[in-house]
Amino acid sequence: MMADDLAYGDLHYTGGKAETPVLDAMSVGPNSIQLTRYYAGGPVCSPTRGTVLTGRNHNRYCIWHANIASGVPDFAVPIRQPLPPSEVTVAEILKENGYRTGIFGKWHVGDLKSAEGANLTRRYNHKWPVSHPGMHGFDEWWVTERSALTATINCGCFEEAVCALGHYTTQPSCTNYHTRDPHTHELVSFPSPIEGDDSHFIAQQFDQFLQKARQSKQPFFAYLPFHTVHARYVATEE
């Protein structure tokens with residue numbers, strides 16, 4: 001599990017002011033191990049995620065900045081490259097050793113689909129215009145391309161969606177989750193509205209993944225990059 005923009009010292013058991021009773025209990029559980037010497041690949045989002053997946057410093061795979069939605073695809077901007085297919089991820093290694101692999105949440109290390117008609121005058125690296133989880137060892141995935149609101153209406157299920165992949169444009173509450181159709185290999189959006197908090201949706205997708213792994217008695221690796229606690233904060237009626 002990965003929290004978005006959560007600092008080490010924010011948790012209660014590490015000295016923070018936030019009340020985190022479940023994480024506190026997990027930290028001292030009989031089956032828990034605290035790893036306190038992990039250092040993020042960079043001070044912002046995308047470099048850190050690349051380091052988590054590859055175990056390598058972000059200078060090795062050329063992601064130096066958070067990949068933002070700007071109308072220009074990631075591969076066309078030198079400072080925010082997608083994760084290269086040549087990089088070996090933990091998901092690839094485990095998949096090769098018989099693990100079921102899944103990611104549910106925020107991807108943020110590459111575009112999920114080519115940006116047709118985008119301004120490519122600053123083209124920098126056209127070798128891989130997309131870099132989605134399926135290219136990096138994940139069997140099952142529902143992900144947003146970039147940061148998203150935490151309690152939103154999923155616009156991918158409407159014919160005229162008003163938001164870009166993972167970002168809103170004209171509506172302040174709009175999120176897209178995507179995966180790849182196993183038959184057509186086309187990018188598809190989640191087919192129905194997502195109600196409630198975004199974290200609940202991620203947990204539900206993981207639970208379905210977990211049940212299938214248990215039924216098949218297959219070891220699994222799941223990566224759950226939540227959008228929380230990253231702004232914007234959207235409160236549900238609950």
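Everything here concerns the structure above.
All values reported here derive from a predicted model rather than from experimental measurement.

Trainee: I'd like a description of the nonpolar core, backed by residues and values.
Mentor: One finds Leu53, Ile103, Trp107, Phe138 and Tyr223 to be the most contacted residues of the largest nonpolar core, which totals 15 residues. Sorting the residues of this core by element identifies β2 (140-144) and β5 (220-223) as the ones contributing at least two each. Non-local contacts of Tyr223, meaning those with residues more than four positions away in its chain, are made with Met2, Arg49, Val52, Leu53, Gly102, Ile103, Phe104 and Phe138. Among the nonpolar cores identified, the runner-up in size contains ten residues, and Trp142, Phe201, Ile202 and Phe209 belong to it.

Trainee: I'd like to hear about the packing of aromatic side chains, residue by residue, with values.
Mentor: On inspection of all chains with the given rule, the structure shows nine aromatic pairs. Pairing Phe104 with Phe209 gives two aromatic rings, centres 5.6 Å apart and planes at 65°, and the pair type is edge-to-face. Here Phe209 lies in helix α5 (residues 198-216) and Phe104 lies in strand β1 (residues 100-106), a separation of 105 residues in the sequence. Overall, the relative accessible area of 3% leaves Phe104 in the buried class. A relative accessible area of 0% places Phe209 in the buried class. Ring centres of Phe206 and Phe220 lie 6.3 Å apart, and the angle between their planes is 55°; this geometry places the pair in the tilted category. One end of the pair, Phe206, is in helix α5; the other, Phe220, is in strand β5, and 14 residues separate them in sequence. Connected via pairs of aromatic rings, a cluster forms that spans Phe104, Phe206, Phe209 and Phe220.

Trainee: Which residues make up the environment of Thr54, and what values go with them?
Mentor: As for its placement among the helices and strands, Thr54 is situated in helix α2 (residues 45-54). A residue is classified by how much of its surface remains accessible, and Thr54, at 14% relative accessible area, is buried. Residues Thr54 and Glu87, spaced 33 residues apart in sequence, show a C-alpha to C-alpha distance of 6.9 Å. Among the polar contacts made by the side chain of Thr54, one reaches the main-chain amide nitrogen of Arg56 at a distance of 3.1 Å.

Trainee: Give me the lowdown on unusual backbone geometry, citing residues and values where you can.
Mentor: Note on backbone geometry: most residues besides glycine have negative phi, and most peptide bonds are trans. Following Thr228, the chain continues to Val229 via a peptide bond in cis, the omega torsion being 15°. Considering the arrangement of structural elements, one finds Val229 in the segment after β5. At Cys62, a position not held by glycine, the phi torsion is positive, near 65°. Along the polypeptide, Cys62 turns up in the loop between α3 (58-61) and α4 (90-96). Judged by relative accessible area, Cys62 falls into the partly exposed class, the value being 31%. Of note, His185 is a non-glycine position whose phi angle comes to about 65°, a positive value. Mapped onto the elements of the fold, His185 is located in the loop between β3 (178-180) and β4 (187-189).

Rules used in this analysis
- Residues numbered from 1 in each chain as written.
- Predicted model: local features only at pLDDT ≥ 70, side-chain atom pairs only at ≥ 80, totals over all residues.
- Heavy atoms only, no water.
- Core = buried A, V, L, I, M, F, W, Y, C linked by side-chain atoms within 4.5 Å.
- Buried < 20%, exposed > 50% of the residue type's maximum accessible area, 1.4 Å probe, protein only.
- Helix = DSSP H or I, 4+ residues; strand = E, 2+ residues; numbered from the N terminus.
- Contact = heavy atoms within 4.5 Å.
- Phe/Tyr/Trp six-rings, centres within 6.5 Å; stacked < 30°, edge-to-face > 60°.
- Polar contact = N/O pair within 3.5 Å; in protein donor to acceptor, adjacent residues only side chain to side chain.

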